[in-house]
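Examination of the molecular architecture
Now for the letters of each chain:
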Amino acid sequence: MRLGSLIKAAGILFLGGVIGIVTAQWSIERTATAMTAGGGPWKSWFSGTASIRNPYVNAHYLMFGRLPPALGQELLFEATRDDDGAGLDGDCDYVIQGPRLSARWWQLALADEDAKQPSDVTFTSPRLIAEPDGSMRITISRTPKAGNWMSPGDLSHFALVLKLRPGSGLNNAASVVMLPRIKREACP
Amino acid sequence: MRTILFWAAVALVLGAVSHLSYVLIAPTYAMQRLMGGNPEEGNANRFILLDGPEQMRLLGETESEAVAGKCLFDISKGELSVMAEMPDTFWSLTLYSDKGADLYTINDRQAGIDKFKLSVKRAPSIMELLSSDQSERARALGDGWSVEVPESYGIAVFWVALDYPEQRKLFAETLSRSSCTLNPA
């Protein structure tokens, strides 16, 4: 009888803990805003126009090992899917294409598929070779490509994290920033 | 029936506790891990130029992309004096609390200069303001570059953009002349 109660209490403890963590993760995920200015699958947890005071937004960055963006200095966007809604697969080739980003400095980084752990596969604005019309085009592929190229390396699935540093001290609202499209090209 | 309701209520309360812990308490520990130390444990108020792995861990940027430094601060017993010496390029300085809130931030265009002194002190509480005219006098004497923050512990992050990797050595030399010093109250 006593052992049965003990098992029941342990089960309830475990269940309560799981419910709390699952609902917390769900709530954090829900605080993201889909970015629609340029179309595409980008999301942001940071509005860009007010300091982060929402604990769920703060938790999103800190629990994933990243400093929250500072107001006026940085905007952060994340994408775990391509324009057609499919997950980003390390075996496929992708083209990141769009207008010139309105920032003094930016970084496109590959992270694990939940955008949790950033990898050291990054591409920054000073390295960009712009298209003749000034737009950007970066290819993500395991095989070397001409022009701007990033390799997903060992990542079987990945996410993209785009960090913009406008440099003016004034952020645009994240929702009006024109972001590049993520198009899947070849896929074995 | 009553037993089922009791255990369901227990599970809900535990769920609420773990939910709030995950959102409110765990991020503070995550921030301390990210800061690379706890300012309350005596390694505060000194400037450290970050090496490649530490910069990657804190900012997610490689050493060919940026140069960065940090200063864990503890202003519970005084005022922090940040002497920043930045290269003539795109840079930013941001103060975060040990809970991850941005307290103050400035970049090269906002500052207009690359070498400056920033005084950081704890903002007086409402009770302190009401009970002492001394603190008001001290605040009035503050010169230009001073900031009052609501938290005693945190981190100052110095960041400098690189146009090309070869700039790192030169920019790191300039940035390493920065310092953080506590002036006891």
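Check the entry above for the structure.
The paragraphs below set out a description of the structure included in this document. (Residues numbered from 1 in each chain as written. Chains lettered and ligands numbered in written order. Predicted model: local features only at pLDDT ≥ 70, side-chain atom pairs only at ≥ 80, totals over all residues. Heavy atoms only, no water.)

Here we come to a nonpolar patch on the surface. On the surface, Leu20(B), Leu24(B), Ile25(B) and Tyr29(B) cluster together into a nonpolar patch covering about 420 Å² of accessible area. For Tyr29(B), the location among the structural elements is in helix H1 (residues 2-35). (Patch = residues over 30% accessible without salt bridge, like charges linked within 9 Å, V, L, I, M, F, W, Y side chains within 5 Å. Areas by Shrake-Rupley, 256 points an atom, 1.4 Å probe, with all protein chains shown as cover. Salt bridge = Lys/Arg side-chain N within 4 Å of Asp/Glu carboxyl O. Helix = DSSP H or I, 4+ residues; strand = E, 2+ residues; numbered from the N terminus.)

Attention now goes to helix H2 (residues 55-63) of chain A. Taken residue by residue, H2(A) has Val57(A), Asn58(A), Ala59(A), His60(A), Tyr61(A) and Leu62(A) as its buried positions. Looking at the packing, one finds that the buried side of H2(A) touches helix H1 (2-30) and strand S3 (75-79) of chain A together with H1 of chain B. Downstream of H2(A) by one or two residues, Gly65(A) has phi in the positive range, about 75 degrees. (Buried < 20%, exposed > 50% of the residue type's maximum accessible area, 1.4 Å probe, protein only. Contact = heavy atoms within 4.5 Å.)

Residue and element names in this part refer to chain B. Reading across the sheet, the 4 strands line up as S7-S6-S3-S9 and stay open at both edges, with mixed pairing between neighbours. This sheet does not close on itself; its edge strands, each paired only once, are strand S7 (146-149) and strand S9 (179-184). Direction aside, the axes of adjacent strands within the sheet are offset by 25 degrees on average. The pairing of strand S3 (residues 78-85) with S9 spans 6 bridges and is antiparallel. Looking at the pairing, Glu79 lines up with Asn183 of S9. (Pairing = 2+ DSSP bridges. Axes fitted to C-alpha atoms, helices over the stretch in contact; angles between N-to-C directions.)

Turning our eyes to something else, we now look at the interface of chain A and chain B. By convention, interface size is frequently given as the accessible area that disappears when the constituent parts associate. The interface of chain A with chain B comprises 45 residues on the first partner and 42 residues on the second. Together, the buried faces of chain A and chain B total about 3600 Å²; carbon and sulfur atoms form 62% of this surface. Where chain A touches chain B, the interface holds 3 salt bridges. Inspection of the region where chain A meets chain B yields 20 residue pairs in polar contact (both at pLDDT 80 or more). Within the residue set of the side of chain A that touches chain B, elements represented by two or more residues are H1, H2, strand S6 (105-112), strand S7 (118-124) and strand S10 (157-165) of chain A. Among the elements that make up the side of chain A that touches chain B, the one with the highest residue count is H1(A) (14 residues). A per-class count over the side of chain A that touches chain B returns 21 nonpolar, 17 polar and 7 charged. (Buried area = accessible area lost by both parts, 1.4 Å probe. Polar contact = N/O pair within 3.5 Å; in protein donor to acceptor, adjacent residues only side chain to side chain. Nonpolar A, V, L, I, M, F, W, Y, C, P; charged D, E, K, R; others polar.)

Our next topic: H1(A). The terminal C-alpha atoms of H1(A), which comprises 29 residues, lie 42 Å apart, in line with the 42 Å expected from a rise of 1.5 Å per residue. Every buried residue of H1(A) is listed here: Ile12(A), Gly16(A), Gly20(A), Ala24(A), Ser27(A) and Ile28(A). Looking at the buried side of H1(A), the elements it contacts are H2 of chain A together with H1 of chain B. (Expected span 1.5 Å × (residues − 1).)

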